[in-house]
Amino acid sequence: MHFEKPVSESSPLSTLRPWLQKIEFQQFHPQLNKYMGLFSLTQEIAMDLGTANSIIIHKDKIVVNQPSVVAIDNKTDKLLAVGEDAHQMEGKEPPGIRTIRPLRDGVIADFNAAEQMIRGLVKMVNSKRRWFSPSLRMVVCIPSGSTEVEIRAVRDSSEHAGGRDVFMIYEPMAAALGIGLDVEAPEGNMIVDIGGGSTEIAVISLGGIVSNKSIRVAGNDLTADIQEHMGRVHNLKIGTLMAERIKIQVGSALTELENPPEPFIVRGPNRMTALPMEVSVTHEEIAHSIEKTIAKMETAILAALDQTPPELYADIVRNGIYLAGGGALLRGLDKRLTDKFHIEFKVADDPLTAVARGTGVALKNINRFRFLIR
């Protein structure tokens, strides 16, 4: 951009000159942004490290949504696969390979495997070639019942995987943010987050958790109940993945549904003869098989309500209770809980990603939210 007359230092045009030159420079250098990306030194990501699935949010988008599994070479301890690729190997691996789920009951059970998994998942975000590996600013969600040792394990794993600034947020708080609730308002909201390894129940008000209950009973226990039921009642031997499929296809918290699913055909070996057999499974049968586990969740919800101050209890009765996590997708669960507690239970929009979306909101407000843990 060229100016014919000299411009005085105090004129408005002199203030605009640097911006005009920048625009002109970018017009003649369309590859500028592409090359500048190679020098990006800090990357901000939000991570939901789940027992069953892990999700990463970058620039307000879900860029990674993979099963929390790694495949490792037994001889070298080298990472062979992570996420979906490792999940496909589960139960089918030869002696030289082992598949590991680094998280158990919502917390890190295998430190080294967790670190390798985080590294592998972060590499999926950095698919573009970079000249420098960026340092990471991370927000990671953790169960509200985590001990100091468990919190430290998450922080150390994240830092060893490249995290420079690592913040943590409790899962119920992240779920509330993901649902779209104003967590800093002087109003009580109750969240029930049913994940794979833990069920998190919390009452939130004024940016803090007023009362909470965290139990190590969740989706994986429902899967184990189905697996045990098929062996005990039908003499049918099935794996964890098949039990998970049964839960998704015909899983139900109620024996009577408005739109019941079609019976699901399960194939597998007979436990006594090892010969192949077929069994048709209905939602009524599965509802009976998972009854005890759901009853434990109901007891935990009741305990959290019992700890809630009366003023906040009134808010919860008025606002309802929000269900998040994969367990919220279980057919009839919201109706069963509503009928039992006489408080409306609402399933969050896309409950599987509610916690991850909330962690992404926390990432954008790191300097404002006081409830983040360093």
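Counting of residues starts from 1 at the beginning of each chain's written sequence and follows it residue by residue. Side-chain atom pairs in this predicted model are given and counted only at pLDDT of 80 or more, local residue features only at pLDDT of at least 70, and totals for whole chains, interfaces and linings cover all residues. To obtain the side-chain values, all non-hydrogen atoms of the structure were included, while hydrogens and water were left out.

Structural notes on the overall build of the protein
The condition that has to hold: Elements are defined by DSSP. Helices are runs of H or I of four residues or more, strands are runs of E of two residues or more, and each kind is numbered from the N terminus. Categorising residues by exposure relies on relative accessible area from a 1.4 Å probe, with only protein chains included: less than 20% of the type maximum marks a residue as buried, more than 50% marks it as exposed, and the intermediate range marks it as partly exposed. Contacts are residue-level and defined by heavy atoms, with any inter-residue pair within 4.5 Å sufficient.
When you go through the protein residue by residue, the secondary structure sums to 13 helices and 17 strands. Buried positions account for 49% of the 374 residues belonging to the protein. Within the protein, residue pairs in contact and separated by at least 24 positions form 63% of the contacts whose partners lie at least 6 positions apart.

Considerations on the pattern of salt bridges
Worth spelling out the cut-off: A pair is scored as a salt bridge if a Lys or Arg side-chain nitrogen falls within 4 Å of a carboxyl oxygen belonging to Asp or Glu.
For the structure shown, the criterion picks out 19 salt bridges. Residues Arg 137 and Asp 165 are paired through a salt bridge, measuring 3.9 Å at the closest nitrogen-oxygen approach. With a gap of 28 residues between them, Arg 137 in strand S9 (residues 135-142) and Asp 165 in strand S10 (residues 163-170) connect regions that are remote in the sequence. Across the pair Arg 232 and Glu 228 runs a salt bridge, and its minimum N-O distance is 2.8 Å. Taken together, the residues span about one helical turn, with Arg 232 and Glu 228 both in helix H7 (residues 219-234) at a distance of four residues. Taken together, the shared-partner salt bridges in this structure form one network comprising Glu 44, Arg 137, Arg 164 and Asp 165.

Considerations on the sheet that holds strand S2 (residues 53-58)
For the record, the criterion: A pair of strands is considered paired only if DSSP assigns at least 2 bridges between the two. Axes here mean lines fitted to C-alpha atoms, for a helix over just the part in contact, with angles spanning 0 to 180 degrees between N-to-C directions.
Read across the sheet, five strands follow the order S3-S2-S1-S9-S10 without closing on themselves; strand pairing throughout is mixed. In this open sheet, the two strands that pair with only one neighbour each are strand S3 (61-67) and S10. Adjacent strand axes in the sheet meet at a mean angle of 20° when their direction is disregarded. Summarising the sheet, S2 and S3 pair through six bridges and their orientation is antiparallel. Within the sheet, the bridge partner assigned to Ile 55 lies in S3 and is Asn 65. Each of S9 and S10 is contacted by helix H5 (residues 148-160), which is oriented at about 150° to S10, the strand it contacts most. Set on the sheet, helix H6 (residues 171-179) makes contact with S9 and S10; between it and S10 the angle comes to about 85°.

Quick notes on the pairing of S10
Counted only if it meets this: Convention used here: a crossover is right-handed provided that the path from the first strand, over the helix, to the second strand proceeds clockwise when the strands point away from the viewer.
Of all the eight residues making up S10, six are buried; the element is thus mostly covered by neighbouring parts of the structure. Pairing of S9 with S10 involves seven bridges; the strand directions are parallel. Among the inter-strand pairings, Val 140 is bridged to a residue of S10, identified as Met 168. For the crossover from S9 across H5 to S10, the handedness is right-handed.

Concerning unusual backbone geometry
Positive phi values are uncommon outside glycine, yet Asn 235 reaches one of about 60°. Tracing the sequence through the fold places Asn 235 in the loop between H7 and helix H8 (240-250). One non-glycine residue, His 342, adopts positive backbone phi at about 60°.

Any functional reading would require information that these geometric values do not contain.
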